[in-house]
Amino acid sequence: MYRLNVKKLGFAFGLTGALIYLGCMVVMATAGQEGSILFFNSLLHGLDTTNIIRMDVPLLEALFGIVQTFILGWLIGACIAGFYNAQIKRR
């Protein structure tokens, strides 16, 4: 069986999470509050996001958020690869 590269899969997960975070930022910046609420309500199967969407997010907070999202994604991807590799029988 093929073994997964832990670092590469972790990086791929982290980068994917960061891109999704950036996409969220673009939606909020371009659609405004009402458009963002409509978008996220439909994305989250009707969950009402009216009371939790905050449009005045400081740039530093957004930067910390994207870094944290990348780190969490990297850790998740690395764990998946590590768990997968641990299940493969060694030759």
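As a reminder, the structure under discussion sits directly above these lines.
Because the structure is a prediction, the values reported are computed rather than measured.

1. Focus: the environment of Gly82
Of note, Gly82 is situated in helix H2 (residues 59-87). Gly82 sits in the partly exposed class, given a relative accessible area of 27%. Placed 40 residues apart in sequence, Gly82 and Ser42 show a C-alpha to C-alpha distance of 35 Å.

2. Looking at the pattern of salt bridges
Counting across every chain of the model gives one salt bridge. With a shortest N-O distance of 2.3 Å, Arg54 and Glu61 are connected by a salt bridge. The exposure class assigned to Arg54 is partly exposed, which follows from its relative accessible area of 39%.

3. Brief notes about a nonpolar patch on the surface
Nonpolar side chains collect at one region of the surface, where Phe13, Leu60, Leu63, Phe64, Val67, Ile71, Leu72, Leu75, Ile76 and Ile80 lie side by side and expose about 920 Å² of accessible area between them. Here the nonpolar patch takes nine residues from H2, the largest share from any one element. Tracing the chain through its elements places Val67 in helix H2. Classification of Val67 by relative accessible area gives partly exposed; the value is 42%.

4. As for the layout of surface pockets
Here the largest pocket is characterised by a volume of approximately 320 Å³. Forming the boundary of the largest pocket are 13 residues, of which Tyr21, Met25, Met28, Val57 and Ala62 lie nearest the centre. Secondary-structure elements contributing two or more residues to the lining of the largest pocket are helix H1 (6-43) and H2.

Basis of the calculations
- Residues numbered from 1 in each chain as written.
- Predicted model: local features only at pLDDT ≥ 70, side-chain atom pairs only at ≥ 80, totals over all residues.
- Heavy atoms only, no water.
- Helix = DSSP H or I, 4+ residues; strand = E, 2+ residues; numbered from the N terminus.
- Buried < 20%, exposed > 50% of the residue type's maximum accessible area, 1.4 Å probe, protein only.
- Salt bridge = Lys/Arg side-chain N within 4 Å of Asp/Glu carboxyl O.
- Patch = residues over 30% accessible without salt bridge, like charges linked within 9 Å, V, L, I, M, F, W, Y side chains within 5 Å.
- Areas by Shrake-Rupley, 256 points an atom, 1.4 Å probe, with all protein chains shown as cover.
- 1 Å grid on protein atoms, 1.4 Å probe; cavity = no way out; pocket = protein on both sides within 12 Å on 5 of 7 lines; lining within 4 Å.
- Points joined across faces, edges and corners; volume = space filled by probe spheres on them.

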